[in-house]
Amino acid sequence: GERLPAVAVDGDLIPVQAFTSTDPGEGKKKLVVLGTGWGGMSFLKQIDTRQYDVKIISPRNYFVFTPLLPSVTNGTVEARSIAEPVRRMLSSTGKQVDFYESECVNIDAVNKKLLCRDASNVRVKGKEDFEVDYDYLIVAVGAMSNTFGTEGVKEYCHFLKELEDAEKIRESVVDCFETACLPHLSDEERKRMLSFVIVGGGPTGVEFAAELYDLVSEDLASLYPSVKDLVTVTVIQSGDHILNTFDHRISKFAEEKFQRDGVTVKTNCRVLKVNEKDVLVKEKATGQEVHVPFGMAVWSTGIGTRPVLTKFMKTIGQTDRRVLATDEWLRVKGCKDVWAVGDCATIEQRKVVDDIAYLFEKADIDKSGTLEIEEFQRTMEKARERYPQLEVYLQRQKFRHVVDMVKISPGDAKEKAMHLNVDEFKKSLAQVDKQLKLFPATAQVAAQQGAYLAACFNALPKKDYKPEGPERIRGEGRHRFRQFQYRHMGQFAPLGSEQCGAELPGDWVSIGRSTQWLWYSVYASSVSLFNL
Ligand code: FAD
Ligand code: MG
Ligand code: MG
Ligand code: MG
Ligand code: MG
């Protein structure tokens, strides 16, 4: 069933829903959300505005259903059909929320003040900037396309991050075809004009390449018969394979499909520089540098930090970091009353190995100095909530096997299996932290984090909490909720021609025609914010 965040009451976890909400009236805490993307809007959808005075600040007054953004580039999906106005979403929930269309340019966590800038084109002179106070701040500003400092990217490449990007790409593809048809061009110029280059072989780059291939080989080929044979699509990838975060079967399927279609995949290539008419690429194996001419290039190599957060991170001692670090309750480390969700943040998870002594003490109920199998099992059952890596580990290793692994001498096996001392206990759990995984920068994660955080906030004023667990022993700041737990709904790689690869929970991999609909249904039922 659904796993709601829980409130710890006398050491027991009670689901948040068990509390009914009351309106505290005046004196509501001021809660400010930055961002109207997946993280921000899913938080807003859930938050109880009777309990908080909620404001949302974002330069974008609409939400974008990003999984369909690549389809806007080839016209299969209309831009407006994947954008939903924030005000309409808010009014449909009947919630009392203020929205300011502006960009937060400074976060002052000491004085709890935000500096904001009007993001519209019709600013009032001298009144561009204003301040907003908060009691609680939710940072959900997402990330930016990352150029990794590569020269020429900003000037000559398209990004695929915002709705306008997708529309510009679409126009630009058509422009390339029209220009290629002009009578005075040389063959070489025509060929360059119809060379489409995608830098980055991750899901976005690959999906875009596949969509583009469909567009140029189907629709545009019939409209521009004289130049259709000059079209090339090239994907440049720095690693060994495209889609290298996916199951290798999907990665292979994608590479084979591209090969059949005639989409060139250049793996192990690093882009050194982007010029006006070509990208300069270094082939890692040979060290050779080659120029790949383009009519249009799309840069899709990963995400980076927004300047407002880089600045903020310096003020809270999070230097030398690429993303904002939070704890497992999504609290930003190094300051108070600030939370962060989605692409702009990453969770630093607690290691089991750091809490071994505590876990052992808890487990050894009879204080015998050793753990019997039942004690061990009981502890693992309790601890899997606190340490999600344990959950993954225990799914793979049955308890017995965990215990078996610490057999010391073969003759002694049975005896050892039944009694673990603290060192053996430690040894049995030594591998657990290897299961720690960073959450991917996806809509699924952002939406689940937003919903989780709202549920915690909704329950926050209800109950006092009692320190429990390793944090109490170390005297650290306490939380009263179960930490954020991610439910992976699978990942999905559309590959054009209605083909795609999907990874579903439980190591299922599905490749082929029907996969898209299978995946969309899983996806839509779990995280979608509005009906498509
Ligand atoms: P975003 O959704 O990016 O929202 C950030 C918000 O903050 C925006 O409203 C922005 O305007 C606002 N903002 C920016 N700066 C400021 C500021 N200074 N002050 C206030 N507000 C600010 N994920 C999937 O799970 N499945 C997919 O199929 C998928 N496909 C994708 C396809 C493309 C082309 C792209 C670009 C992404 C895709 N993703 C997909 C990833 C997914 O979109 C992101 O992980 C998700 O949007 C992250 O949500 P977020 O709330 O952190 O950030
Ligand atoms: Mg957001
Ligand atoms: Mg606007
Ligand atoms: Mg994140
Ligand atoms: Mg014991």
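Residues numbered from 1 in each chain as written. Chains lettered and ligands numbered in written order. Predicted model: local features only at pLDDT ≥ 70, side-chain atom pairs only at ≥ 80, totals over all residues. Heavy atoms only, no water.

**Section: helix H7 (residues 203-223)**
Part 1: Along its 21 residues, H7 runs 29 Å from first to last C-alpha, staying within 8% of the 30 Å computed at 1.5 Å per residue.
Part 2: At Val 216, H7 shows its maximal bend, which comes to roughly 30 degrees. (Helix = DSSP H or I, 4+ residues; strand = E, 2+ residues; numbered from the N terminus. Expected span 1.5 Å × (residues − 1). Bend = angle between axes of the 7 residues up to and from the residue.)

**Side note on unusual backbone geometry**
Backbone phi values are negative for most residues with the exception of glycine, while trans is the configuration of most peptide bonds.
Part 1: Positive phi is not limited to glycine here, since Lys 112 has a value of about 55 degrees.
Part 2: Its place among the elements puts Lys 112 in the loop between strand S7 (97-108) and strand S8 (113-118).
Part 3: On the basis of relative accessibility, which here comes to 22%, the residue Lys 112 falls in the partly exposed class.
Part 4: Look at Asp 337: it is not a glycine, yet its phi comes out positive at around 60 degrees.
Part 5: When you line up the elements, Asp 337 lands in the loop between strand S21 (324-326) and strand S22 (338-340). (Buried < 20%, exposed > 50% of the residue type's maximum accessible area, 1.4 Å probe, protein only.)

**Quick word on the packing of helix H5 (residues 163-180) against H7**
Part 1: Where H5 meets H7, the closest approach of the two axes is 12 Å, and the angle between their N-to-C directions is 40 degrees. The angle between H5 and H7 falls in the class oblique. In the packing of H5 onto H7, the handedness of the crossing is right-handed. Residues Ile 169, Val 173 and Phe 177 of H5 pack against Phe 208, Leu 212, Leu 215, Val 216 and Leu 220 of H7. (Axes fitted to C-alpha atoms, helices over the stretch in contact; angles between N-to-C directions. Parallel < 35°, antiparallel > 145°, perpendicular 65-115°, else oblique. Left-handed = near helix turned anticlockwise from the far one by under 90°. Contact = heavy atoms within 4.5 Å.)

**Focus on the nonpolar core**
Part 1: Counting residues in hydrophobic clusters, the biggest one holds 82 residues, and the most contacted among them are Leu 31, Val 173 and Phe 457.
Part 2: Tallying contributions element by element places helix H16 (residues 443-459) first for this core, with 10 residues.
Part 3: Taken together, domain 1 (6-143 + 305-347 + 440-487) and domain 2 (153-302) each give at least three residues to this core, which thus spans both.
Part 4: Those residues in contact with Leu 31 that lie beyond four places of it in its chain are Phe 43, Ile 47, Tyr 52, Asp 53, Val 54, Lys 55, Tyr 136, Ile 138 and Phe 457. (Core = buried A, V, L, I, M, F, W, Y, C linked by side-chain atoms within 4.5 Å. Domains from an automatic or database assignment.)

**Structural notes on the pairing of strand S3 (residues 29-34)**
Part 1: Across six bridges, the pairing between S3 and strand S4 (residues 52-58) is parallel. The residue bridging Lys 29 from the neighbouring strand is Tyr 52, located in S4.
Part 2: With helix H1 (residues 38-46) bridging S3 and its parallel neighbour S4, the resulting β-α-β unit is right-handed.
Part 3: Examined bridge by bridge, S3 and strand S10 (residues 136-139) share four bridges and lie parallel to one another. From the neighbouring strand, Leu 31 faces S10, where its bridge partner is Tyr 136. (Pairing = 2+ DSSP bridges. Right-handed = clockwise from strand over helix to strand, strands pointing away.)

**Overview of the sheet that holds strand S17 (residues 278-283)**
Part 1: A sheet is described by the order of its strands in space; here three strands give the open sequence S16-S17-S18, paired in antiparallel fashion. Looking along the sheet, the strands with just one partner apiece sit at the ends: strand S16 (269-274) and strand S18 (289-293). Shown here is a sheet whose adjacent strand axes are inclined to one another by a mean of 35 degrees, direction ignored.
Part 2: Sheet analysis places S17 next to S18, joined by five bridges and oriented antiparallel. Looking at the pairing, Val 281 lines up with Val 290 of S18.

**A short note on the packing of aromatic side chains**
Ring pairs (aromatic) are described by centroid distance and by the angle formed between their planes.
Part 1: Counting across every chain of the model gives 13 aromatic pairs.
Part 2: With a centroid separation of 5.7 Å and 85 degrees between ring planes, the pair formed by Tyr 136 and Trp 339 is classed as edge-to-face. Remark: Trp 339 occurs in strand S22 and Tyr 136 occurs in strand S10; sequence separation between them is 203 residues. Each member of the pair Tyr 136 and Trp 339 is classed as buried.
Part 3: By way of ring pairs, the aromatic residues Phe 43, Tyr 52, Tyr 136, Trp 339 and Phe 457 are connected into one cluster. (Phe/Tyr/Trp six-rings, centres within 6.5 Å; stacked < 30°, edge-to-face > 60°.)

Any functional reading would require information beyond the geometric quantities listed.
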